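Chain by chain, the residues:
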Amino acid sequence: MITGNNHLARLSKLSDRFITTIGEAAAWLNVVLIAVIITQVVLRYVFSKGLVELEELQWHLYAVGILIGLSYCATHNTHIRLDLLHQRFPQRRKEVVDLLGTVFLLMPMVIVILMHSWPFVAESFRINEASDSVVGLPYRWAIKSFLLIGFGLLGLAGVSRIIRAVAFLIRRSR
């Protein structure tokens, strides 16, 4: 049993490291986003000429940042908590609340979103969906695929959190 717990703990740490690496890499997209925004502002207000492609690219970069950032925040416990009492709880109660919240709220939401996103992304890929604008960006399926990637990573972060909470509770119960 101890060996199984050690393997699960290693799996949890490995998945957390994987999500952290992806999150830190994706954070650099914010530099690109800022450059795109500045370029668009200069084009629009200095040259009176904005580009649809840059506007769409902004939306896409925001989407990727948010979808990848969800799993990063869940992994590093930096997400927003609505539970004002959580900070006053003893660690055991925090772990129980996090475990129950992850199992009964986070994971079902992730599963539902993944189930409904898959056909949405597959259809977009099948028809090689592009922007509705004639001068917009092609390959809309690429950005839509981040629904699967982002919520897949969030699901992985949730499983990791479940493993950590259960391991903590098992250690404390001995």
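Residues numbered from 1 in each chain as written. Predicted model: local features only at pLDDT ≥ 70, side-chain atom pairs only at ≥ 80, totals over all residues. Heavy atoms only, no water.

Enquirer: Mind showing me how you'd approach the pattern of salt bridges here?
Expert: A side chain of one charge can pair with a side chain of the opposite charge if their charged atoms are brought near each other. The final tally for this structure, using the stated rule, is six salt bridges. Here arginine 164 and aspartate 16 are joined by a salt bridge, their closest N and O atoms 3.3 Å apart. Of the two residues, arginine 164 is situated in helix α5 (residues 140-173) and aspartate 16 in helix α1 (residues 2-27); the sequence distance between them amounts to 148 residues. Take arginine 164: its relative accessible area is 28%, and that puts it in the partly exposed class. What makes aspartate 16 buried here is its relative accessible area of 13%. (Salt bridge = Lys/Arg side-chain N within 4 Å of Asp/Glu carboxyl O. Helix = DSSP H or I, 4+ residues; strand = E, 2+ residues; numbered from the N terminus. Buried < 20%, exposed > 50% of the residue type's maximum accessible area, 1.4 Å probe, protein only.)

Enquirer: What should I look at first to understand the nonpolar core in this one?
Expert: One broad rule of soluble globular proteins: the nonpolar side chains tend to lie buried together. Grouped together as the largest cluster of nonpolar side chains are twelve residues: Ile19, Ala26, Val64, Leu67, Ile68, Ala74, Val110, Ile143, Phe151, Leu153, Leu154 and Ala157. Going through the elements one at a time, α1, α3 (52-75) and α5 are the ones with two or more residues in this core. When residues of this core are assigned to their parent elements, the largest contribution, five residues, is made by α5. Residues within four places of isoleucine 19 in sequence aside, it is in contact with Ser71, Tyr72, Thr75, Leu153, Leu156 and Ala157. (Core = buried A, V, L, I, M, F, W, Y, C linked by side-chain atoms within 4.5 Å. Contact = heavy atoms within 4.5 Å.)

Enquirer: Quick question: what am I supposed to make of unusual backbone geometry here?
Expert: Of all residues except glycine, most have a negative phi; of all peptide bonds, most are trans. Phi at asparagine 77 is positive, roughly 55°, even though this residue is not glycine. Of note, asparagine 77 is situated in the loop between α3 and α4 (91-126). One non-glycine residue, asparagine 128, adopts positive backbone phi at about 50°. With respect to the element layout, asparagine 128 can be found in the loop between α4 and α5.

Enquirer: What is the right way to read a positive patch on the surface from this model?
Expert: Together, Lys13, Arg17, Arg171 and Arg172 make up a region of like positive charge exposed at the surface. For the positive patch, the secondary-structure elements that each account for two or more residues are α1 and α5. Residue classification places lysine 13 among the exposed residues on the basis of a relative accessible area of 57%. (Patch = residues over 30% accessible without salt bridge, like charges linked within 9 Å, V, L, I, M, F, W, Y side chains within 5 Å. Areas by Shrake-Rupley, 256 points an atom, 1.4 Å probe, with all protein chains shown as cover. Lys, Arg positive; Asp, Glu negative; His and termini not counted. Charge placed at Lys NZ, Arg CZ, Asp CG, Glu CD.)

Enquirer: So what exactly am I meant to see when it comes to the side chain of glutamine 40 here?
Expert: Residue position: glutamine 40 is located in helix α2 (residues 29-45). With relative accessibility at 3%, the residue glutamine 40 sits in the buried group. Look past the residues within four positions of glutamine 40 in its chain and what remains in contact with it is Gly50, Leu51, Leu54, Glu55 and Gln58.

Just distances and angles here, no functional claims.
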